[in-house]
Amino acid sequence: MMLILIILATSVLFSKSLLSSIIAMSFYSMVCAIIFLLSDAVDVALTEAAVGAGISTLLFLKTLSLVNDQVDIARSRDIPSFMIFFILSILMVSFSFNFPEFGSISLTDQAKSTQYYLNQSMRDMGIPNVVTSILAGYRAFDTLGEVIVIFTAGISVLGILNRGKE
Amino acid sequence: MGNNHVIKVITIIMIPFIMLFGLYVQFHGEYSAGGGFQAGVIIAASIIVYDLIFRLDSSEEFLKLEIIETFVAIGITIYMLVGVIGFLYGGNFLDYNSLSSAYDSNSGQKIGIFLVELGVGITVSSVMILIYHMFKDAGKS
């Protein structure tokens, strides 16, 4: 799976045509969704498939119909930015060794609240899906903030792109 | 892109199923995977696909911009109203227990979560359609 992801990411970077880059990115999201699905994170997988592979591909395609498909990519040799990229990727890999073991909930800081949600969700909410009960029940206030962020994003796009009309 | 008959026929067949799946994810989110956010994105995707395939060259608007803007606000208002109803029954903000009936103590939670997810779905889908619309208009001018 990881090998497929690496191959797809390289093909996004180095393909000459923007259309094939977009299709490869969509496929990349789909492979990510399958990885999430295999890790039993069904809600995250659905989000990745809908947003990453679905709507963002559509928006990219729409943008592609406005610009020229063939773009000559200037391959610059920017040493400082390459160094920053290198340091950041080493940092990310080193942080990933501190992740809790896959499937274990005892190592996380929120172990107590996690246990509480898993045990009490059915009694408190009467809803089988724990993710929904946390998202819209226990943490409804955070979800309200999330919706406000989406609302603000929509309003901002409206404000930026609609400015020349009036 | 819009002149290919194969693409048109396949899209006509697929769009109702995409919408049905979106509604399923929306209203069945308490029992299976998904919720308002994913459902909103899926429904918006079906509408955008229709617009992208069939109305690429048409200049008239598929949905009036004012209607989409109104729906963006309606979704977030539903969410806020559910929160404020908690105040009216003497509870906290977003306290669904005050919506419960006397017989089933969990029914308030179910109603609250259902309404909140509905608000999220409406806002997300209309924001996605709005962004697509703005991109489309930006290309014309």
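Residues numbered from 1 in each chain as written. Chains lettered and ligands numbered in written order. Predicted model: local features only at pLDDT ≥ 70, side-chain atom pairs only at ≥ 80, totals over all residues.

Turning our attention to the overall build of chain A. Helix and strand counts for chain A stand at 7 helices and 0 strands. In sequence order, the secondary structure elements of chain A are arranged as α-α-α-α-α-α-α. Taken across its 166 residues, chain A has 17% of its residues classed as buried. Sequence separation of 24 or more characterises 31% of the internal contacts of chain A that already satisfy a separation of 6 or more. (Helix = DSSP H or I, 4+ residues; strand = E, 2+ residues; numbered from the N terminus. Buried ≥ 20, exposed ≤ 12 C-beta atoms within 10 Å, placed from the backbone. Contact = placed C-beta atoms within 7 Å.)

As a further point, take the overall build of chain B. Counting secondary structure elements, chain B contains 4 helices and 0 strands. Secondary structure elements in chain B, listed N-terminal to C-terminal, are α-α-α-α. Counting across all 141 residues of chain B, residues that qualify as buried make up 38%. Considering only residue pairs separated by 6 or more positions, chain B has 65% of its internal contacts joining residues 24 or more positions apart.

Looking now at the confidence of the model for chain A. Looking at chain A as a whole, the pLDDT averages 82, with 86% of positions reaching at least 70. Within chain A, helix α5 (residues 111–125) of chain A has the poorest average pLDDT of any element, 76, and helix α2 (residues 18–38) of chain A the best, 91. (pLDDT = per-residue confidence, 0-100.)

Turning next to the environment of Tyr50 of chain B. Structurally, the position occupied by Tyr50 of chain B is in helix α2 (residues 36–54). Measuring from C-alpha to C-alpha, the distance between Tyr50 of chain B and Lys8 of chain B comes to 9.1 Å, with 42 residues separating the pair along the chain.

Across the contact, 39 residues belong to chain A and 42 residues belong to chain B. Counting only elements with at least two residues in the side of chain A that touches chain B, the list comes to α3 (42–64), α5, α6 (130–138) and α7 (140–161) of chain A. When the residues that make up the side of chain A that touches chain B are grouped by side-chain class, the tally is 25 nonpolar, 11 polar and 3 charged. (Nonpolar A, V, L, I, M, F, W, Y, C, P; charged D, E, K, R; others polar.)

Next up on the list: unusual backbone geometry. Its identity as a non-glycine residue notwithstanding, Asp40 of chain A has a phi of 65°, on the positive side. Mapped onto the fold, Asp40 of chain A is located in the loop between α2 and α3.

Residues and elements named next belong to chain B. Turning to its location among the elements, Leu63 is positioned in the loop between α2 and α3 (65–88). The class of Leu63 is partly exposed, set by 14 C-beta atoms lying within 10 Å. Considering only alpha carbons, one finds Leu63 and Asp51, 12 residues apart in sequence, at a separation of 9.9 Å. Other than its neighbours up to four places away in sequence, Leu63 contacts Ile68 and Ile129.

Our focus in this paragraph is the packing of α3 of chain A against α2 of chain B. Where α3 of chain A meets α2 of chain B, the closest approach of the two axes is 10 Å, and the angle between their N-to-C directions is 30°. As far as their axial angle goes, α2 of chain B and α3 of chain A are roughly parallel. Relative to α2 of chain B, α3 of chain A is oriented so that their crossing is left-handed. Of the residues in α2 of chain B, those touching α3 of chain A at Leu46, Thr47, Ala50, Val51, Gly54, Ile55, Leu58, Leu61 and Lys62 of chain A are Phe37, Gln38, Val41, Ile42, Ala44, Ala45, Ile48, Val49 and Leu52 of chain B. Its residues assigned to classes, the contact of α3 of chain A with α2 of chain B comprises 14 nonpolar, 3 polar and 1 charged. (Axes fitted to C-alpha atoms, helices over the stretch in contact; angles between N-to-C directions. Parallel < 35°, antiparallel > 145°, perpendicular 65-115°, else oblique. Left-handed = near helix turned anticlockwise from the far one by under 90°.)

All right, on to the domain arrangement of chain A then. How large an interface is tends to be reported as the accessible area lost when its parts come together. On domain assignment, one finds that chain A holds domain 1 (1–68) and domain 2 (109–166). Taking only C-alpha atoms into account, the centre of domain 1 of chain A sits 24 Å from that of domain 2 of chain A. (Domains from an automatic or database assignment.)

Residue and element names in this part refer to chain B. For helix α1 (residues 5–27), built from 23 residues, the straight-helix expectation of 33 Å at 1.5 Å per residue is met to within 8% by its first-to-last C-alpha distance of 34 Å. Of all the bends found along α1, the most pronounced is centred on Met14 and spans about 30°, while Pro16, a proline, follows it within four residues. For α1, the set of buried residues is Gly22, Val25 and Gln26. (Expected span 1.5 Å × (residues − 1). Bend = angle between axes of the 7 residues up to and from the residue.)

What follows concerns the nonpolar core. Counting residues in hydrophobic clusters, the biggest one holds 47 residues, and the most contacted among them are Val41, Ala44 and Met128 of chain B. Contributions of two or more residues to this core are made by α3, α6 and α7 of chain A together with α2, α3 and α4 (107–140) of chain B. Among the elements that line this core, the one with the most residues is α4 of chain B, at 11 residues. Looking at this core, you find at least three residues from each of domain 1 (1–68) and domain 2 (109–166) of chain A. If sequence neighbours within four positions are ignored, Ala44 of chain B has contacts with Ile55 of chain A together with Ser125, Met128 and Ile129 of chain B. (Core = buried A, V, L, I, M, F, W, Y, C linked by C-beta atoms within 7 Å.)

On to the packing of α1 of chain B against α2 of chain B, then. Two packed helices can be described by the angle between their axes and the distance between those axes. Residues and elements named next belong to chain B. Where α1 meets α2, the axes come as close as 8 Å, and the angle between the chain directions of the two elements is 165°. Considered as vectors, α1 and α2 are oriented roughly antiparallel to each other. Here α1 runs over α2; the crossing is left-handed. Residues Ile7, Lys8, Thr11, Ile15, Ile18, Met19, Phe21, Gly22, Val25 and Gln26 of α1 pack against Gly36, Gln38, Ala39, Ile42, Ile43, Ala45, Ser46, Val49, Tyr50 and Ile53 of α2. For the contact of α1 with α2, the per-class residue count stands at 13 nonpolar, 6 polar and 1 charged.

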